[in-house]
Every structure is written in structure tokens, then in C-alpha cells.
Amino acid sequence: MAAAAADTSEASAAGLALAEANINWERLDKTRFHVIGAILFTAQQGVLHPTAVVKTRLQVAEGGLAHMSGFAVFRRILRSDGISGVFRGFGTSAVGALPGRVLALTSLEISKEMTFKYSERFDMSEASKIAVANGVGGLVSSICSCAYFVPLDVICQRLMVQGLPGMATYRGPFDVINKVVRMEGIRGLYRGFGITMLTQSPASALWWSAYGGAQHAIWRSLGYGNDSPTKPSQSELVAVQATAGTIAGACSSVITTPIDTIKTRLQVMDNYGSGRPSVMKTTRLLLDEDGWRGFYRGFGPRFLNMSLWGTSMIVTYELIKRLSVKPE
């Protein structure tokens, strides 16, 4: 009888949570949150991985390949390498990202909630509080996870571009680590760390702030407020969160693509002549090759990737939170 009552309580809590747009960290079952998150985010990552491979190849390519469209590069990879070619580096990325994801999600939720509570002492509109809290959460999450994800990016991107002219060939992720460390030491795995910290952290803050502000504005335009007697339907929740995620992802891709191009080339290319690679050398080489338009190499696939990522990530993320609410 007690078990049945507990099941009923949990089911009603889950049903209530599925109609909520905002769920705070304290209400989440942390184990369930991270387990469900690992499964769903890995599936999402697999769907979007081919666009990341195409984007990376366009950013580091030389000659005619650099001016091909994303679809043309995708077809070329399929012809030369088959399906496995567009999923190069996925296994390493998927498995390697699990600990980093736990770190990122935990720091995001905790810092977002702390900032929102702190902002209540200031005379700010609710929209501003949400945007600021989301922005600070995105910033802190990015800073905490950069130390983990930059080496993973270096490894995965080198696996993605192997086979291109001038690029080394590797037997797997551990071979990448071995060769990079042997040639450059541990700091070779942190190529692009500085530029990542200086750009990705503000970009993450921008993304989450834009998402929080866009979602708040859309809910208000639909007539849903804190005192609204009705709750949005499941279809409305998904539609609003997907739209806000798309807006945030599209804005972020436009602003961050030039820096992402420099970062990617810095992490994977070795043809700099004498001396260590640097941001300035990478920028000059890109300008010499393609002028200012070179900074937007791979923009199409990146725009698609960021927009789809923003939409699918936030819908998945919000669903994970609703499925992870503790029974009342």
C-alpha cells in the first residue's frame, strides 16, 4: 500500500513537473538528472556530429576544398570514407564528454540559482534577473569545463581532419595524445586554451542570457506569467523552449564563428614553420590564404550546427530536468 502511494506521489510530481517551465536545482534528483542527461545528450551529440566534422574540415582545409559548400564536403567525405568518415572522433568525444558534462551541468545550475537569489535584493525586472542569472550560469559553467574540454577538443578535431593533405594519421585517441605530448609536451593538448577561455566563456554567457531572455519574453507574449492560473501544454513548452534555443544558437554562431575558426586551426595545424603556433600566426596565415572571408569558413555548417544544437540541446535539457524532479 505504501509502495503504491509512493508510486502515485512520484507520478503526480512528474506529471506536475512536465507542465513547468522553470525547475530549480534543489528540486532535482541529482543521480537521475546526470544519468538521463548522459543518455539523451550522447544521442543528441551523435545526430549533430557530422556537421561538426564538416565544419572542422572546412576551417582547416586548403585550396579548393576551403571554398566548397558544406553539402559538397559532406558528400566528398561519404564517397572517400563512407559513413565512418562523418563520425570520426565521435566515440572519443561521446565517452570523453561524460565527466565534463557532469561538471558543466552542475556548475550551471548551482551558479544560476545562486545568482538569481542574489539578484532579488536589487531593483530589477524579472526578465533582467532571469537573463543575468542565465548569463552568469553559462559563464561559470564554461570556465569550469574549459580545463577539461580543451584537450578533448584537440584530440577529437585531430581525428576529424586526419587524411587531409598535410595532416597526420592516428590509430586512435591515445595515439593522438602520445604524438602531441611527445612533440609539444602536455601544453600541446591545451592549444587554444587561452582563446577558448576568452571567447567561449563570454559566448556561453551570451547564449544562456539570450535563451533566458527570449524564453521569458515569449511566455509573456503568450499571456503566461508567475500569477497565471493555467499552465502551458507540453507542445507549448517544447515550442517555446525550442524557439528560444534557436534564437540563442543563431545569435551565438554569427558572433563566434571567426574566433572558432582561429581556435580550430590553432588546435590542429602544424605548418607554421619555426616556432610555436600562436593566435597571431594563425590569424596571419588565415588572412594570407583567404582574406577576411576566411574567418567565416565553415559558417554554414556551424550556423546549422549551433542552431540545431541550441534547439535540440535546450529541449533535451529542459526535458531532463522535468523528468528528474524529486517526488514531493
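Refer to the structure above for everything that follows.
In this text the structure is predicted, and so the values were computed from the model without any measurement.

**Q** Any chance you could break down the overall build of the protein chain for me, citing the residues and the numbers?
**A** Along the protein chain, the regular secondary structure elements total eleven helices and zero strands. Helices and strands appear in the protein chain in the N-to-C order α-α-α-α-α-α-α-α-α-α-α. Of the contacts formed within the protein chain by residues at least 6 apart in sequence, a portion of 79% connects residues at least 24 apart. Approximately 15400 Å² of the protein chain is accessible, and the part contributed by carbon and sulfur atoms is 66%.

**Q** How would you explain the pattern of salt bridges if you had to name every residue and give the values?
**A** Scanning all chains against the criterion turns up ten salt bridges. For K321, the salt bridge is made with E109, and the minimal N-O distance between the two is 3.4 Å. Placement of the pair is K321 in helix α11 (residues 299–323) and E109 in helix α5 (residues 90–119), with a sequence separation of 212 residues. K179 is the partner of D175 in a salt bridge, and the nearest nitrogen-oxygen pair spans 3.3 Å. Residue D175 and its partner K179 are both found in helix α7 (residues 173–184); the two are separated by four residues, about one turn of the helix. Accessibility expressed as a relative area gives 23% for K179, which makes it partly exposed. Connected via shared salt-bridge partners are E26, E113 and K117.

**Q** Go over the packing of aromatic side chains, please, and point to the residues and values.
**A** Throughout the structure, instances matching the rule amount to ten aromatic pairs. Ring centres of Y118 and F122 lie 5.5 Å apart, and the angle between their planes is 65 degrees; on these two criteria the pair is classed as edge-to-face. Residue class for F122 comes out partly exposed when judged on its relative accessible area of 42%. An aromatic cluster of at least three residues, connected via ring pairs, comprises W25, F33, W207, W208, Y211 and Y317. Above the ring of W25, the side-chain terminus of K30 is found at 4.9 Å from the ring centroid.

**Q** Let's hear about the side chain of S93: which residues, and what values?
**A** Its location among the elements puts S93 in helix α5. A residue is classified by how much of its surface remains accessible, and S93, at 13% relative accessible area, is buried. Those residues within four positions of S93 in sequence are excluded, and the remaining contacts are Q45, L152 and C156.

**Q** Outline a nonpolar patch on the surface, supporting the account with residue identities and numerical values.
**A** A cluster of nonpolar side chains, L206, V254, I255, Y296 and F303, forms an exposed patch at the surface whose accessible area comes to about 410 Å². By secondary structure assignment, the location of F303 is in helix α11.

**Q** With reference to specific residues and values, describe the environment of A242.
**A** Examined against the element boundaries, A242 turns out to sit in helix α9 (residues 234–268). Using a relative accessible area of 15% as the deciding quantity, one classes A242 as buried. Each C-alpha atom of the pair A242 and L308 lies 9.3 Å from the other, and the pair is 66 residues apart in sequence. If we skip the residues at most four places from it in the chain, A242 touches T311 and V315.

**Q** Tell me what's going on with the nonpolar core, and back it up with residues and numbers.
**A** Ranked by internal contacts, the top residues of the largest apolar core, which has 19 residues, are F33, W207, W208, Y211, M313, I314 and Y317. Mapped onto this core, the elements with two or more residues apiece are α2 (30–60), α5, α8 (193–221), α9 and α11. Ignoring sequence-local partners within four residues, the contact set of F33 consists of W25, L28, L105, Y317, I320, K321 and S324. Among the nonpolar cores identified, the runner-up in size contains 13 residues, and V53, V60, I77 and V161 belong to it.

**Q** If you had to explain the environment of R171 to someone new, which residues and values would you point to?
**A** Residue placement: R171 occurs in the loop between α6 (126–161) and α7. Classification of R171 as exposed rests on a relative accessible area of 75%. As a C-alpha pair, R171 and L159 span twelve residues in sequence and 9.0 Å in three-dimensional space.

Here is what the cut-offs are and how they apply
- Residues numbered from 1 in each chain as written.
- Predicted model: local features only at pLDDT ≥ 70, side-chain atom pairs only at ≥ 80, totals over all residues.
- Heavy atoms only, no water.
- Helix = DSSP H or I, 4+ residues; strand = E, 2+ residues; numbered from the N terminus.
- Contact = heavy atoms within 4.5 Å.
- Areas by Shrake-Rupley, 256 points an atom, 1.4 Å probe, with all protein chains shown as cover.
- Salt bridge = Lys/Arg side-chain N within 4 Å of Asp/Glu carboxyl O.
- Buried < 20%, exposed > 50% of the residue type's maximum accessible area, 1.4 Å probe, protein only.
- Phe/Tyr/Trp six-rings, centres within 6.5 Å; stacked < 30°, edge-to-face > 60°.
- Lys NZ or Arg CZ within 6 Å of the ring centre and 35° of its normal.
- Patch = residues over 30% accessible without salt bridge, like charges linked within 9 Å, V, L, I, M, F, W, Y side chains within 5 Å.
- Core = buried A, V, L, I, M, F, W, Y, C linked by side-chain atoms within 4.5 Å.

As far as function goes, none of this settles anything; it's purely spatial.
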